[in-house]
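# Fold and contact review
Spelled out from the first residue to the last, the chains are:
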Amino acid sequence: MSSYAALWTKSNFSFLEGASHPGELVEQAHAFGLRSLALTDRDGVYGIVRAHVRAKELGVPMIYGAEITVCPVAHGAWIDPSTCETTRVVLLAQSRQGYAQLCRLISLGRARAPKGSSVVALDELQTCAHDLVALCPDPDLLAPLHDAFRDRLYALIARHRSAPEEGVHAALRSGAKALDLPTVAAVEVLYHSPSRRPLQDVLTCIRHGKTLATAGTLIRGNAEHALPTVHAMTELFADDPASLRRTLEVAERCRFSLDELRYRYPAEHIPEGMREIDWLRCKTLEGAAQRYDGAIPNNVMAQLERELELIRELDYGGYFLTMWEIVQYCRREKILCQGRGSAANSAVCYCLGITAIDPIRMDLLFERFLSRERAEPPDIDLDIEHQRREQVIQWVYERYGRKHAAMVANVIRFRARSSIREVGKALGIPQTALDRLSKMISHYDLDVSTELLEHAGLDPREPRCLHLLQLCHEIADFPRHLSIHSGGFLLGDQEIETLVPIEPATMEARTVIQWDKYDVEDLGLFKVDLLGLGALSLVRRCLDLLREHEDLDLEMSTIPAEDPVTYAMISRGDTVGVFQIESRAQMAMLPRLQPRTFYDLVIEVAIVRPGPIQGDMVHPYLLRRSGKEPVEFPHPALRRALSKTLGIPIFQEQVMKLAVLVADYPPAEADHLRRDMAAWRSQGRIEQHRERLIDRMMHNGIAREFAERVFSQIQGFGEYGFPESHAASFALIAYVTAWLRCHHPAAFCCALLNALPMGFYSAATVIEDAKRHKVTVLPIDITRSAWECTLEPLPATRELTVRMGYAFVKGFGERQRERVERALVDGPFRNAEDFVRRTLLPPKDLQTLAEAGGFSADGIDRRDAIWALRGLHAKVGDRLALSTDIAPAAEQPRFPVLSPGEAVLWDYRTSMHSTRGHPLEALRGELRRRNVPSAEEVAQRRSGSVLDYVGLVICRQRPGTASGVTFFTLEDETGFVNVVVWRRVFEAHALLAKTAMLLGVHGKIQAQDGVVHLIAETLWEPELRFHLEGTHSRDFH
Amino acid sequence: MALARIACVDLPALPLQLLLRHHPTWRSGPVVVVDTDRPQGIVAWANVHARRHRILPGMTFAAAQSLAAHLQAAVVPPQDIARCVEELHHALVQFSPHVEPALHEPGVFWIDPSGLIPLYGSLEEWAQGIHTALVGRGFQACVVVGFHRFRSYALARCGVGPGHRTGTFAWVLPDPHTESRWSAKVPLAQLGIDPQLRDQLAVLGVVSLGQFLRLPVSELRARFGETAARLHHAASDDWAPLQPRPLEDPVTGELQLEPPDADHTRLLFGLKGLLHRLLHPLAERSQALRLLHLELELDHAPRHHEYIEPARPTLDATMILELVRLRLAALSLPAAVAAVHLELEGVLTDSEQLALFRTRQRRDLEAAGRALARLRAALGPEAVTRARLKPAHLPEASFEWEPILEARFPHPAPNVQAPLCRRFFSRPIPLPPRPRHEPEAWLGRASPVARLHGPHRISGGWWVRTVERDYYYAETKNGEILWIYYDRPRRRWFLQGVVD
């Protein structure tokens, strides 16, 4: 026997069963010289694209199929495979049509079974048999499948040297003989090499929730599930060479290749007699006329013509029209949306209203978005206000139909933490110890080290721990289960389920395909990305409030541009709630960079990112900007590429240009570099460029130090690098939010509170910040509050104030919202009794609301209100009118009256904020006596002065680029103090540093360019009468 | 007239104390008891070091562990706690026959000191005696002798009171007024009351027992429900009598043999009368014999113990004697018997009248049960077992022997064809190495191997001890089928069994 075809192979995309990557199986098949390899994952085709890509590289002929779970007895709309008897059959696609049948069948099975499983009924299998080869390992299924598959049915003799299977084989042979069917040889391949057997056992345990000691016969009885060599297979079937030869016959029949997938983007509804590209031109020119006030500049027109020609040539018109349609829908529904990413390089996108940045004015390069050479589908990401994104998603389903639209999958993979927990559990290691170990490593680590085991108190020499280390290493990056991409849609002219199976997502009313975005990209399919963006919700809400309360009709596009007052505010680092530039790091950068124009903001958005920071590009840029360093270019060829950023590469495309211009990367390879940067989680892909980049740059006369910094920057770009167009799109939203904050602080605060959770800060910080900007924020009051925060004009001055809504009461969710809003339809609540009777909220909710001060508008103490409300609730079923007065009766027990300080703490406990004051206000007197300054005073101190400071911890941050430094943001009633805690100090005060809500810091002031940091020398716990259970900080992100 | 007294003994965080007794080296670091061994397991008790790290009961283990990286944690099984409560109960009945363990709070006991003072000299010495006894067993405890059940409990739980100042943990309250005054200061948070109620009251500023008692009970009930009202009643002046666990001595008897006798027949004859006498008080308790403890005091030799269990609880002396006879017959004692101590453990049993109306079945399960009991008596309790199948790949791991306690009718699977039967050897028999050309006598048997069928490979166990076996059925020329395997790691052939 010269070779054979492996017909039953399962990769690790047979989730928690297969123990090898598809690529590994293909490589092994290539090494063994197999005639072809069939990838037949359990109820899915999740791994075929990866196998296909690798097989093409190696020249291994692939067969595409799947192992299908079949319920031979009864079927209905819903089958739970755990409660019915199932069997399996291997189906292989002979042709494109067969592949489509296979995908349909899998979609059917997935739709009717619980998440993660699939079952098809026998009659469905019989009706979807066309152009599929069936390999049947179950003797009882031969007869029922005979008529449907006829000469495409084979009795599958799968040998694993196991005693029980001999009986099955005998039955299969006799059944095949009776029906005159051929037999075919196979091994159920679960891994490419026998060394993966332990991992396969562990995966099985994880799948069944067992340990190795208790798994029994759930795990395989031997290691005979590796891909066999030709020799081993010949030996295994020495008594039946005909069955083995027949594998080649089957392989010969299954000629289908994924390259045959002919994908067409859905045709748009276009007017009669018009071509797609004509309709696109029409809409583009219409949009251009609007954008340029009826007079389209020549250079714009020329650019549009160039882009339209390329779009026509590549037949991408439909895609642009789809995006245009989605944007139109959002406009109609008053949903804010804006394209991000490289789409902002396109003038067509700008004119269609998909993006908001004029690429001509910004001098953005269209080729970064779309190029003839690259010939890959354009990628348009559309940001949609996050609270209404689902509405747009459902509209897309409705518009294209569920058979033509499905969301792209996201494969959840094993990382170090999840591997430790799950592998360790299977090995029987106590879970509490595993938890300790897993906490010691970061979320995205792939591996576990011996040192870590020791630190976690485990003995690395113990066999179980040795297995843990080895298996965690092997399982790293293995698919765990399927999730859904945040907003990627695959749209198809033909039914999507003929391309790839569709399955229901966990989220209601969503469906998801079995491929992720990399697969979609590899096959050149079009993806539409609809992403949620909180800042757009904030802007929309704010504009609505301005329209309602200030009679100001503004749109994002009509907000006054280049407003100096707004830039002055931004330059002070006064940006709480401003999109993208509100983080601690951004706030510290703003006074140094002093943005004065929109392009400054674009740089600001892009510069505080891991790429430029890791490449040490930030300080040189600041020095050049302030004129302290001359603008020089590392190479004359880079003058044009780097001139906008003073000779310093800041944007992703500048680095790409650098690779092309001075590292001799041809454009196609530069694109490869870009993709390797994007796949930053796949270790090693970017490393392979190091030597080449640095050597060639040096060869072209660039200093090694600069070349190395550029490479570090490329590494950093892997983690969220920004291209210029993307930074510009974000800068636009940043400017809009900053303008709104600067000129309409009350409306901004109200909108921001209603758009939470988003951004960096909690409601408490937003409220304190608003108060510092003279915005009055009023507490929750049952007679005035709505569910969300509202704007309320003060009766005397008509000044707009913010009234807190019920949504901010802790524990108030959808159930409470429904009751309160239903009751509010009949008008505001008159009093407590009215509230209790109309909402019928349970005592727990009433008590929480009373604790939050919702019933205390008339000065009634909250404790008295609680006592009274509980009494009211006990009598709410009475027909008699209840007392409308909740003031304490004479005979009522006396409760201690809340002090103002306690009132603030109660606010924090029940609503995570207080409109009545800052928790530190009550302590200010005591702090002054101890010579502790406020944040405002700290900001005035000279560099080098030593002081003690006490503040509320609102943020702890340890960026990966900061070599172990932790940044704390502390807050008091006057503002923020940024504290820098070096690793040594952090470790010396680890408990306090990790847990304290109120923190004392002794340290030295470092002030530079208006940016003040307190460098911690010691941390201490203030001994104050203070209990802050309601506060919370944003930690270690 | 002297006022009635009651004492409360509290062993704080008893499960944690148990855990630390088991792991004394953990004492110096943070330790918690969790309800389940999972990261999401809830901390039920935390020691002082853990509390210093701000670890509090109610947190998940994962949260607690983030506060103290070297936190030690374990689950204390309920049966261990129950066993400990039992042990403590036994210890406390040495000080009073009336001891009531708290139903839902392990480690809390109420004791009636009445009538015992003359034995100890004073209440103080009595209380101190209890404390010393408990400390001697390795426990921390607080003993409060008061007048009111709940108040003495409250004082014992929170450790405030007159004794607190002097650092003693055995206090005697002088009068009800003092008890009332001190207990009013007890924080509600320290009492084992419903945490939800405790938190709701704390919001109102009601944090001590005294503040709680000042709330009008009817208003309290309307607002906080029956639990609050019950607590109010318990803490107010209402009298709640002690409900001590009844004491029940085992039924015991003794037979002295003078001179020591080695003859079993005479021994049985002597036991017959004793057993009849002892079964009578057992029957009066509505109990039947579940277990007979036979302690044989030997002449110049260590004592010998035997435990005999009938098929079901019984008062049938003849049957019990028969079981004793069988057991004695199986014994070979090193010396003559000088005395026999019998202890009868009974169990409450239903009236046996129904047995009179029971139709006699063709296959008598009771008779089978009696037969099995005789076998157990004759050969020991492990002698009567049956095989239970287990899901495993290795033949020897695919079943286990379990003792049979009662006979049951068989339930054969329908339509099972009579298969060939594989008989295991209790240990695989090593075979000589297989020579290259398979001489006829390779298997060490009379008949040469005619055919080998296999291999069937079993491998696994890599996480403990790697097993790799190639199994074959070897058919010999005389028709014998042997089940053999080649053990790869050991490079040896073994005979696992035979097929017939």
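Residues numbered from 1 in each chain as written. Chains lettered and ligands numbered in written order. Predicted model: local features only at pLDDT ≥ 70, side-chain atom pairs only at ≥ 80, totals over all residues. Heavy atoms only, no water.

### Describing the overall build of chain B
- Broken down by element type, chain B carries 16 helices and 19 strands.
- In terms of C-alpha radius of gyration, chain B reaches 33 Å, well past the compact-globule figure of 23 Å for 500 residues.
- Here the C-alpha coordinates of chain B stretch approximately 100 × 65 × 50 Å along the principal axes.
- Per-residue burial for chain B yields a buried fraction of 43% across its 500 residues.
- Contacts in chain B between residues at least 24 apart in sequence constitute 59% of all its contacts with a sequence separation of at least 6. (Helix = DSSP H or I, 4+ residues; strand = E, 2+ residues; numbered from the N terminus. Rg over C-alpha atoms; globule rule 2.2 N^0.38 Å. Buried < 20%, exposed > 50% of the residue type's maximum accessible area, 1.4 Å probe, protein only. Contact = heavy atoms within 4.5 Å.)

### Describing the overall build of chain A
- The number of helices and strands found in chain A is 43 helices and 24 strands.
- Relative to a compact globule of 1037 residues, whose C-alpha radius of gyration would be 31 Å, chain A shows 33 Å and is just as compact.
- Each principal axis of the C-alpha distribution contributes one length, and for chain A these read about 95 × 80 × 70 Å.
- Counting the 1037 residues in chain A, one finds 59% classified as buried.
- At a minimum sequence separation of 6, the contacts of chain A that also span at least 24 residues come to 71%.
- Summing over all exposed atoms, chain A offers an accessible surface of approximately 41000 Å²; the carbon and sulfur share of this is 51%.
- With 123 positive and 137 negative side-chain charges, chain A shows a separation of 2 Å between the mean positions of the two kinds. (Areas by Shrake-Rupley, 256 points an atom, 1.4 Å probe, with all protein chains shown as cover. Lys, Arg positive; Asp, Glu negative; His and termini not counted. Charge placed at Lys NZ, Arg CZ, Asp CG, Glu CD.)

### Some details on unusual backbone geometry
- Each neighbour pair has its own omega, and for glutamate 258 of chain B with proline 259 of chain B the value is 0°, a cis peptide bond.
- In this fold, proline 259 of chain B is placed in strand E9 (residues 251-261).
- The omega torsion across glycine 454 of chain B and proline 455 of chain B is 0°, close enough to zero to call that bond cis.
- For arginine 150 of chain A, which is not glycine, the phi torsion reads 50° and is therefore positive.
- If you trace the backbone, arginine 150 of chain A turns up in the loop between helix H5 (139-149) and strand E7 (153-158).
- Residue class for arginine 150 of chain A comes out exposed when judged on its relative accessible area of 60%.
- Here aspartate 293 of chain A, not a glycine, exhibits a phi torsion of approximately 50°, which is positive.
- In this structure, aspartate 293 of chain A sits in the loop between helix H10 (276-291) and helix H11 (298-314).
- Residue classification places aspartate 293 of chain A among the exposed residues on the basis of a relative accessible area of 74%.

### Quick look at the pairing of strand E1 (residues 6-10) of chain B
All names here are of chain B.
- Across the 5 residues that make up E1, a large majority, 5, are buried.
- Burial along E1 is two-sided: Ile6, Cys8 and Asp10 and Ala7 and Val9, pointing in opposite directions, are all buried.
- Looking at chain direction, E1 and strand E7 (residues 142-146) are connected through 5 bridges and run antiparallel. Within E7, the residue paired with cysteine 8 across the bridge is valine 144. (Pairing = 2+ DSSP bridges.)

### Focus on the interface of chain A and chain B
- At the junction of the two partners, chain A supplies 48 residues and chain B supplies 39 residues.
- Contact between chain A and chain B buries roughly 3800 Å² in total, counting both sides, with carbon and sulfur atoms accounting for 57%.
- On inspection of chain A and its partner chain B, the count reaches 1 salt bridge.
- Where chain A meets chain B, there are 16 residue pairs in polar contact (both at pLDDT 80 or more).
- For the side of chain A that touches chain B, the secondary structure elements donating two or more residues are helix H7 (197-208), helix H16 (416-427), helix H17 (431-439), helix H19 (463-475), helix H37 (843-851), helix H38 (862-874), helix H39 (900-911) and helix H43 (990-995) of chain A.
- Of the residues forming the side of chain A that touches chain B, the biggest block, 6 residues, is contributed by H38 of chain A.
- Partitioned by chemical class, the residues of the side of chain A that touches chain B number 20 nonpolar, 12 polar and 16 charged. (Buried area = accessible area lost by both parts, 1.4 Å probe. Salt bridge = Lys/Arg side-chain N within 4 Å of Asp/Glu carboxyl O. Polar contact = N/O pair within 3.5 Å; in protein donor to acceptor, adjacent residues only side chain to side chain. Nonpolar A, V, L, I, M, F, W, Y, C, P; charged D, E, K, R; others polar.)

### Focus: the domain arrangement of chain B
- For chain B, the assigned domains read domain 1 (6-183), domain 2 (251-354), domain 3 (375-411) and domain 4 (422-499).
- Here domain 1 of chain B and domain 3 of chain B have C-alpha centroids that lie 44 Å from each other. (Domains from an automatic or database assignment.)

### Comments concerning the pattern of salt bridges
All names here are of chain A.
- Enumeration over the complete set of coordinates arrives at 94 salt bridges over all chains.
- A salt bridge links aspartate 519 to arginine 50; the shortest N-O distance between them is 3.1 Å. Here the residue aspartate 519 occupies a position in helix H20 (residues 517-522), and arginine 50 occupies one in helix H2 (residues 48-58), the gap between them amounting to 469 residues.
- When its relative accessible area of 1% is taken as the criterion, aspartate 519 is described as buried.

### A few points about the environment of phenylalanine 150 of chain B
Residue and element names in this part refer to chain B.
- Within the secondary structure, phenylalanine 150 is located in helix H7 (residues 149-158).
- The sequence separation of phenylalanine 150 and histidine 233 amounts to 83 residues, and the corresponding C-alpha distance is 9.8 Å.
- Look past the residues within four positions of phenylalanine 150 in its chain and what remains in contact with it is Leu191, Leu209, Leu231, Ala234 and Ala235.

### Here we look at the nonpolar core
Residues and elements named next belong to chain A.
- Formed by 166 residues in total, the largest nonpolar core has its most connected members in Leu740, Leu753, Val802, Tyr806 and Phe855.
- Tallying contributions element by element places helix H32 (residues 724-743) first for this core, with 10 residues.
- If you look at the next biggest cluster of nonpolar residues, it comprises 121 residues, including Ile68, Leu145, Ala148 and Tyr319. (Core = buried A, V, L, I, M, F, W, Y, C linked by side-chain atoms within 4.5 Å.)

### Let's talk about the state of the cysteines
All names here are of chain A.
- One pass over the structure, following the stated rule, counts 0 disulfides over all chains.
- Cysteine 71 takes part in no disulfide bond, and the closest cysteine sulfur to it belongs to cysteine 84, at a distance of 3.8 Å.
- In this structure cysteine 205 is not part of a disulfide, and its nearest cysteine sulfur, from cysteine 472, lies 14 Å away.
- Judged by its relative accessible area of 1%, cysteine 205 is buried. (Disulfide = S-S within 2.5 Å.)

### Details of the sheet that holds E1 of chain B
All names here are of chain B.
- What the 5 strands build is an open sheet, ordered E5-E6-E1-E7-E8; its pairing is mixed. Of all strands in the sheet, those bounded by a partner on one side alone are strand E5 (99-101) and strand E8 (170-172). On average, each strand axis in the sheet is tilted by 15° relative to the strand beside it, whichever way the strands run.
- Of the strand pairs in this sheet, E7 and E8 are connected by 3 bridges, and their pairing is parallel. Residue pairing across strands places valine 145 opposite valine 172, the latter belonging to E8.
- Of the strands in this sheet, E1, E5 and strand E6 (108-111) touch helix H4 (residues 78-92), which is tilted by about 25° from E6.
- In the packing of H7 onto the sheet, contacts are made with E1, E5, E6, E7 and E8, and the angle to E1 comes to roughly 30°. (Axes fitted to C-alpha atoms, helices over the stretch in contact; angles between N-to-C directions.)

### Quick word on the sheet that holds strand E19 (residues 492-499) of chain B
Residue and element names in this part refer to chain B.
- Pairing is antiparallel across the open sheet formed by 5 strands, whose spatial order is E15-E19-E18-E17-E16. The open sheet is flanked by strand E15 (422-431) and strand E16 (449-460), the only strands paired with a single partner. Between one strand axis and the next, the sheet turns through 25° on average, direction left out of account.
- As paired elements, E15 and E19 share 6 bridges and run antiparallel to each other. Within E19, the residue paired with isoleucine 429 across the bridge is leucine 495.

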